[in-house]
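# An overview of the molecular structure
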Amino acid sequence: MCETGLVLSELTYMEKHLNRLMRARRAKTPLAQFPARSFVVPEPLGVALVMSPWNYPFMLSLDPLVGAIAAGNCAVLKPSAYAPATSRVLRELVESCFAPDHIAVVEGGRAENEALLEQKFDYIFFTGSVAVGRLVMEKAARWLTPVTLELGGKSANIFFPDCKWDMAMDGLQLGILFNQGQVCCAGSRVFVHEDIYDRFVEEAVEKFNSVKVGLPWEADTMMGSQIYEAHLNKILDYIEIGKKEGARVACGGERITDGELAKGCFMRPTLLADVTNDMRVSQEEIFGPVACILKFRDEDEVIRMANDNAYGLGGAVWTRDLNRAIRVSRGIETGRMWVNTYNQIPEGSPFGGYKESGIGRETHKVILEHYTQMKNIMINLSEAPSGFYPAK
């Protein structure tokens, strides 16, 4: 239901702006140069390939697909093999709305992904890991195909002493526990000012321990299962790596083996305290409900620490000082900074990454520019020859 609402908002936004953005428009021409009229016409690229992930299979399939179709393209949608039920719903939805020669849905796994990337497309929109994103870009380079890549993250969630405490505790959980931590822009690096560090960790442990992990149909469930067994094991391996590096497991850090939850891939919300910025758990994307808590002294230090990472997708700063919030937000190399909130992605607000977090933007009208190519039509209004080649 959460994804459905977001997709509906995106559709409404696209409908609102489509006519204005896709019509031909005048481009000013200096009349002193020569009398002319210049028009800019956006035209479709052709056939777009949309490769979507498993963590938001509905929203991250339909959002880029809407942009492709709205811009006049045909499209091939390749959903994740780890979201088969959503793939079937998407296929039924797409086939009921579009003619077969306008859009196609290809289901399957790695073999189908590899086969598609061997084909020539006019645009590729990929959401997933950095490793696969590099492969997509490499394959696209064969035909100089433009790409949008929405990749991983290791986002900084920064807390200053003047933060509003109840909102800060809520923002910590929103940043790393939302969708079981399986969010590309998750606030997985939690930077806490040294003046509030001990209190912050103590109360964060209480909050995390009170999170109800349960089955999705239970009304009081606050966090569900990881996507599959191998992914859960990867998360648990990272926790062991963190312990060996010197991090302290303040809470969680283990699989749930009680009752019905033992049958699934459930784990407890985890806080790693006393983390330093050079640890692997602070540098590499874990993609689960694991927050690494780091201590900082001042603005300059936290900006340096936040930027000392290959990723740049999201981030947040928690403070009542608006000037500080702007300084820190401007100083951090990332595509999105929230102030006193987290994981809010409204339509009309461009979302995308810096550095290894990707190329391009979505949830914004600029996506129509990604999916089009710009044609200029120049009309000469003079009836005289150019004068470069005078008659003899």
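Everything here concerns the structure above.
Let me begin by describing the structure that accompanies this report. (Residues numbered from 1 in each chain as written. Predicted model: local features only at pLDDT ≥ 70, side-chain atom pairs only at ≥ 80, totals over all residues. Heavy atoms only, no water.)

### Quick word on the overall build of the chain
- Helix and strand content of the chain: twelve helices and 18 strands.
- In terms of principal-axis extent, the alpha carbons of the chain reach across some 90 × 50 × 35 Å.
- In the chain, which comprises 392 residues, the proportion classed as buried is 50%.
- Here the contacts in the chain between residues at least 6 apart in sequence split such that 69% fall between residues at least 24 apart.
- Surface summary for the chain: the accessible area is close to 19,200 Å², and the carbon and sulfur share equals 54%.
- Of the charged side chains in the chain, 42 are positive and 49 negative, and the gap between their average positions amounts to 6 Å. (Helix = DSSP H or I, 4+ residues; strand = E, 2+ residues; numbered from the N terminus. Buried < 20%, exposed > 50% of the residue type's maximum accessible area, 1.4 Å probe, protein only. Contact = heavy atoms within 4.5 Å. Areas by Shrake-Rupley, 256 points an atom, 1.4 Å probe, with all protein chains shown as cover. Lys, Arg positive; Asp, Glu negative; His and termini not counted. Charge placed at Lys NZ, Arg CZ, Asp CG, Glu CD.)

### Some details on the nonpolar core
- In this structure, Phe159, Val190, Val192, Phe200 and Leu271 are the most contacted members of the largest nonpolar core, which totals 44 residues.
- Of all the secondary structure elements, the ones that give two or more residues to this core are α2 (59–70), α6 (165–177), β9 (189–193), α7 (197–209), β11 (270–273), β12 (290–296) and β14 (315–318).
- The residues contacting Val190, other than those within four sequence positions of it, are Asn157, Phe159, Leu172, Phe200, Ala291, Cys292, Ile293 and Leu294.
- Of all hydrophobic cores here, the second largest spans 30 residues; its members include Phe160, Phe191, Leu232 and Tyr238. (Core = buried A, V, L, I, M, F, W, Y, C linked by side-chain atoms within 4.5 Å.)

### A look at the sheet that holds strand β15 (residues 338–339)
- Across the sheet, seven strands lie side by side as β10-β11-β12-β9-β8-β14-β15; this open sheet has mixed pairing. The open sheet has two edge strands with one neighbour each: β10 (248–251) and β15.
- Here strand β8 (residues 156–159) pairs with β14 via four bridges, running parallel. The residue bridging Ile158 from the neighbouring strand is Val317, located in β14.
- Packing against the sheet, helix α11 (residues 322–331) makes contact with β8, β14 and β15, and its axis sits at approximately 160 degrees to β14. (Pairing = 2+ DSSP bridges. Axes fitted to C-alpha atoms, helices over the stretch in contact; angles between N-to-C directions.)

### Details of the side chain of Asn277
- By secondary structure assignment, the location of Asn277 is in the loop between β11 and α9 (280–283).
- Of note is the side chain of Asn277, whose polar atom sits 3.1 Å from the side chain of Ser282. (Polar contact = N/O pair within 3.5 Å; in protein donor to acceptor, adjacent residues only side chain to side chain.)

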